[in-house]
Amino acid sequence: MGNAIRIYVPRDAAAVAAGADAVAHRIDAEARHRNQPVRIIRNGSRGLLWLEPMVEIDTAAGRIAYGPVVPEDVPGLFEAGWLEGGAHALCHGPTDDIPYLRRQERLTFARVGIIDPLDLDDYAAHGGWLGLRNALEMRAEDIVECVTASGLRGRGGAAFPTGIKWKTVLTSPADRKYIVCNADEGDSGTFSDRMLMEGDPCALIEGMAIAALAVGATQGYIYVRSEYPHAIAILKHAIARAQAAGWLGADIQGSNRHFDLEVRSGAGAYICGEETSLLESLEGKRGVIRPKPPLPAIQGLFGKPTVVNNVISLATVPAILARGAAWYRDFGVGRSHGTLPFQLAGNIRCGGLVEKAFGLTLRELLEDFGGGSASGRPLRAVQVGGPLGAYLPESQWDVPLDYEAYQKISAMIGHGGIVAFDDTVDMARMAHYAMEFCAVESCGKCTPCRIGSTRGMEVIEKIAAGGPQREAQVHLLRDLCDTMIGGSLCALGGMTPFPVMSALEHFPEDFGLEPSRAACAA
Ligand SMILES: Cc1cc2nc3c(=O)[nH]c(=O)nc-3n(C[C@H](O)[C@H](O)[C@H](O)COP(=O)(O)O)c2cc1C
Ligand code: SF4
């Protein structure tokens with residue numbers, strides 16, 4: 001098979017859901033039938049989801065993309081000479097020249113969709129293990145300092161500086177410390193963690209090993225949401241291979257340093273993504289919030305100092321250790337350094353993953369990348385940052401995507417999930433849904449969230465029903481939201497008011513209110 005032409009068919013769950021396995025089988029069968037030696041590589045997705053399954057042929061002129069391919073297209077693609085990059089209605093030319101990809105800054109996702117996720121040689125050939133090699137030569141304090149200086153902030157939602165968290169764990173004396181990767185990825189419209197784990201699992205493994213060296217941990221866990229069976233399977237394979245190759249285990253690359261890593265399947269609740277609930281769940285208990293303090297960095301898993309970081313935070317670390325803190329810090333704006341893999345979802349024509357430096361606008365993402373709505377109707381509202389994020393009207397789409405700028409408009413970037421709605425959306429229904437989501441997912445530990453979310457649904461129903469009490473109910477809703485913000489133990493109850501209030505503020509007509517009246521009631 002030495003001169004076999006390489007054909008890339010993604011094994012990513014989004015591509016598989018769109019029929020990639022059947023396409024791979026058909027390509028294999030057709031190639032055999034034609035006596036044409038080919039090597040099918042199951043890569044990750046490039047993140048152009050509307051083109052999945054997107055097949056790439058490795059030609060003399062580079063990788064050429066075809067998509068979306070269905071099995072019935074395969075004979076015609078062979079006839080059209082796709083193995084030499086031949087013209088066809090499904091051909092998009094060189095993959096790297098597709099504007100959606102060319103305009104991105106892929107630092108964390110540099111290898112995703114390019115390499116075979118389970119081929120460690122392919123990983124090494126694309127810069128893998130360089131960061132860990134460097135870390136093995138460094139003092140723990142210097143690794144922490146490098147991550148701090150890079151300006152990396154947590155990509156799971158709260159944007160807390162990663163280096164500062166690591167420093168707390170490093171300086172907390174204990175006989176045992178842990179690295180926990182939060183791969184629960186529960187936010188609506190998000191899939192970057194999944195794509196990274198399925199497309200470049202070794203980047204996460206390497207990032208966790210570096211974190212372990214930085215804080216003195218010997219055991220790590222990846223807590224993956226149970227709805228991600230493909231990611232779980234790929235991670236388990238990748239860990240076994242990394243272990244066999246000496247990148248994990250008792251004596252990493254002969255350094256006498258020890259780090260073991262295991263995968264755990266999540267318990268299937270949104271609240272298990274919150275770090276203290278996640279730790280409870282990892283300990284085998286029901287996922288309920290632990291009050292903070294103590295911080296998990298001081299008393300985390302089994303009471304020991306624990307780093308809890310999101311997949312993207314950890315998978316970004318190897319590139320920082322390989323290329324230096326200054327290199328990463330130079331991307332972005334203000335205090336938002338580096339890049340974020342934004343995820344375009346909802347009613348959008350070209351949904352997918354867009355990794356860009358902070359500072360671009362929502363409008364650029366929606367229009368230049370997303371191509372507007374899938375329905376062809378005007379876009380009206382966009383929820384950024386998951387189910388606890390605000391709904392942004394068009395007047396806010398030019399605010400730069402920067403943590404602080406978003407905070408100023410009572411919005412949040414969070415994990416970078418972007419869900420678009422066209423002008424048929426009923427924002428009173430969306431506000432009601434936010435409260436309903438909170439009621440269903442509440443862990444029940446505190447009253448403002450457990451009871452408040454159900455009362456919130458009732459009040460929104462009364463507002464939408466109209467009548468003379470409407471304005472009094474709007475006051476009541478604002479009061480309730482204030483109580484939830486101020487009195488909830490965690491961000492589920494504490495931030496549910498943001499989508500609710502943004503809907504009321506920016507789309508009062510959907511609640512049967514005059515715009516000026518909603519402002520008066522404020
Ligand atoms: C209700 C709730 C759900 C959360 N879900 C997730 C999640 O699915 N994934 C994640 O990484 N962080 C989630 N977080 C944030 C975590 O609590 C925590 O801040 C994060 O894992 C820390 O990692 P980072 O610093 O790398 O972002 C959630 C927080 C809350 C309040
Ligand atoms: S805010 Fe909700 S989810 Fe958070 S601790 Fe209170 S009841 Fe539990």
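Quick look at the structure, then. All of these numbers come straight from a predicted model, not from anything done at the bench. (Residues numbered from 1 in each chain as written. Chains lettered and ligands numbered in written order. Predicted model: local features only at pLDDT ≥ 70, side-chain atom pairs only at ≥ 80, totals over all residues. Heavy atoms only, no water.)

Side note on the environment of Phe160
Piece 1. Positionally, Phe160 belongs in the loop between α7 (140-150) and α8 (162-170).
Piece 2. The class for Phe160 is partly exposed, based on a relative accessible area of 43%.
Piece 3. Not counting residues up to four positions away in its chain, the partners in contact with Phe160 are Arg153, Gly154 and Lys165. (Helix = DSSP H or I, 4+ residues; strand = E, 2+ residues; numbered from the N terminus. Buried < 20%, exposed > 50% of the residue type's maximum accessible area, 1.4 Å probe, protein only. Contact = heavy atoms within 4.5 Å.)

Quick word on the packing of helix α9 (residues 192-199) against helix α13 (residues 311-323)
Piece 1. The interhelical angle for the contact between α9 and α13, taken along N-to-C directions, is 45°, at an axis separation of 9 Å. Viewed along their axes, α9 and α13 adopt a mutual orientation that is oblique. Classified by chirality, the crossing of α13 by α9 is left-handed. On the side of α9, the interface is formed by Ser192, Asp193, Leu196 and Met197, while α13 contributes Val311, Ile312 and Ala315. (Axes fitted to C-alpha atoms, helices over the stretch in contact; angles between N-to-C directions. Parallel < 35°, antiparallel > 145°, perpendicular 65-115°, else oblique. Left-handed = near helix turned anticlockwise from the far one by under 90°.)

Topic: the side chain of Arg225
Piece 1. For Arg225, the position within the fold is in the loop between β7 (219-224) and α11 (229-244).
Piece 2. Looking at Arg225, its side chain comes within polar contact range of the main-chain oxygen of Glu185, at 2.7 Å.
Piece 3. Leaving out residues up to four positions away in the same chain, Arg225 has contacts with Ala183, Asp184, Glu185, Gly186, Ile232 and Gly266. (Polar contact = N/O pair within 3.5 Å; in protein donor to acceptor, adjacent residues only side chain to side chain.)

A short note on the pairing of strand β9 (residues 306-310)
Put simply, side chains in a regular strand alternate between the two faces of the sheet.
Piece 1. The element β9 is largely enclosed, with a buried count of five among its five residues.
Piece 2. Going residue by residue along β9, you find Thr306, Val308 and Asn310 tucked away on one face and Val307 and Asn309 tucked away on the opposite face as well.
Piece 3. Bridging between strand β6 (residues 178-183) and β9 involves five bridges; their strand directions are parallel. Looking at β9, one finds that Ile179 is bridged to Val307. (Pairing = 2+ DSSP bridges.)

Quick notes on the sheet that holds strand β5 (residues 91-94)
Piece 1. Spatially, the five strands line up as an open sheet ordered β2-β1-β3-β4-β5, and their pairing is mixed. The open sheet is flanked by β2 (38-41) and β5, the only strands paired with a single partner. Taken pair by pair, the neighbouring strands of this sheet meet at an average axis angle of 25°, ignoring direction.
Piece 2. Of the strand pairs in this sheet, strand β4 (residues 62-66) and β5 are connected by three bridges, and their pairing is antiparallel. Looking at the pairing, Ala65 lines up with Gly93 of β5.

Regarding the site of ligand 1
Piece 1. The environment of ligand 1 is made up of 20 residues, and the closest members are Gly156, Asn182, Asn309, Asn310 and Ser313.
Piece 2. Within the side chain of Ser313, one N or O atom sits 2.6 Å away from an oxygen atom of ligand 1.
Piece 3. When the free accessible area of ligand 1 is taken as 610 Å², the share hidden by the protein chains comes to 91%.
Piece 4. Of all the secondary-structure elements, those providing two or more residues to the shell around ligand 1 are β9 and α21 (491-495).
Piece 5. With three residues, the single largest contributor to the shell around ligand 1 is β9.
Piece 6. Partitioned by chemical class, the residues of the shell around ligand 1 number five nonpolar, nine polar and six charged. (Near = heavy atom within 4 Å. Areas by Shrake-Rupley, 256 points an atom, 1.4 Å probe, with all protein chains shown as cover. Nonpolar A, V, L, I, M, F, W, Y, C, P; charged D, E, K, R; others polar.)

Re the state of the cysteines
Piece 1. As enumerated under the stated definition, the model contains zero disulfides in all.
Piece 2. In this structure Cys181 is not part of a disulfide, and its nearest cysteine sulfur, from Cys202, lies 14 Å away. (Disulfide = S-S within 2.5 Å.)

Section: the packing of aromatic side chains
Piece 1. Enumeration over the complete set of coordinates arrives at 14 aromatic pairs.
Piece 2. For the ring pair Tyr178 and Tyr221, a centre distance of 6.3 Å and an interplane angle of 35° mean the geometry is tilted. In this pair, Tyr178 sits in strand β6 while Tyr221 sits in strand β7, placing the two residues 43 residues apart along the sequence.
Piece 3. Residue classification places Tyr221 among the buried positions, given a relative accessible area of 11%.
Piece 4. Judged by centre distance (6.2 Å) and plane angle (50°), the rings of Trp327 and Tyr328 are tilted.
Piece 5. You can call Trp327 buried: its relative accessible area is 19%.
Piece 6. Judged by relative accessible area, which is 1%, Tyr328 ranks as buried.
Piece 7. Here the aromatic residues Trp50, Tyr100 and Phe369 are joined through ring pairs into a cluster of three or more.
Piece 8. Arg63 extends its terminal NZ or CZ atom over the ring of Tyr8, reaching a point 3.5 Å from the ring centre.
Piece 9. Over the aromatic face of Phe369 sits the side chain of Arg103, whose NZ or CZ is 4.8 Å from the ring centroid. (Phe/Tyr/Trp six-rings, centres within 6.5 Å; stacked < 30°, edge-to-face > 60°. Lys NZ or Arg CZ within 6 Å of the ring centre and 35° of its normal.)

Here's the deal with the nonpolar core
Piece 1. By size, the foremost hydrophobic cluster in this structure holds 69 residues, and its most contacted members are Trp166, Leu204, Ile222 and Val224.
Piece 2. For this core, the element with the most residues is helix α10 (residues 201-215), which contributes 12 residues.
Piece 3. Here Leu204 is in contact with Cys181, Leu196, Met197, Ile222, Leu235, Val311, Leu314 and Ala315, once residues within four sequence places are set aside.
Piece 4. Counting 40 residues, the second largest nonpolar core, distinct from the first, contains Ala428, Cys438, Phe511 and Leu513. (Core = buried A, V, L, I, M, F, W, Y, C linked by side-chain atoms within 4.5 Å.)

Observations regarding the pattern of salt bridges
Piece 1. Summed over all chains, the structure comprises 33 salt bridges.
Piece 2. The salt bridge involving Glu404 is made with Arg153; its shortest N-O contact spans 3.0 Å. Taken together, the positions of Glu404 in helix α16 (residues 403-408) and Arg153 in the loop between α7 and α8 put the pair 251 residues apart, joining distant regions of the chain.
Piece 3. We classify Glu404 as partly exposed; its relative accessible area is 21%. (Salt bridge = Lys/Arg side-chain N within 4 Å of Asp/Glu carboxyl O.)

Remarks on the site of ligand 2
Piece 1. Within the structure, ligand 2 sits among 13 residues, and Ile289, Cys443, Cys446, Cys449 and Cys490 are positioned closest to it.
Piece 2. Of the residues assigned to the shell around ligand 2, the class counts are eight nonpolar, four polar and one charged.

Quick look at the sheet that holds strand β13 (residues 352-357)
Piece 1. Strand order in the open sheet formed by five strands is β13-β12-β16-β14-β15, with mixed pairing between adjacent strands. Each having just a single partner strand, β13 and β15 (391-393) make up the two edges of the open sheet. Sheet twist, expressed as the mean angle between neighbouring strand axes with direction ignored, is 30°.
Piece 2. As paired elements, strand β14 (residues 379-384) and strand β16 (residues 417-422) share five bridges and run antiparallel to each other. Bridge pairing in β16 links Leu379 to Asp422.

Considering unusual backbone geometry
Piece 1. A cis amide bond, omega -5°, links Glu52 with the succeeding residue Pro53.
Piece 2. Pro294 follows Pro293 through a cis peptide bond whose omega is 0°.
Piece 3. Within the secondary structure, Pro294 is located in the loop between α12 (275-282) and β9.
Piece 4. Positioned with a positive phi, Asn256 is a non-glycine residue whose angle comes to about 65°.

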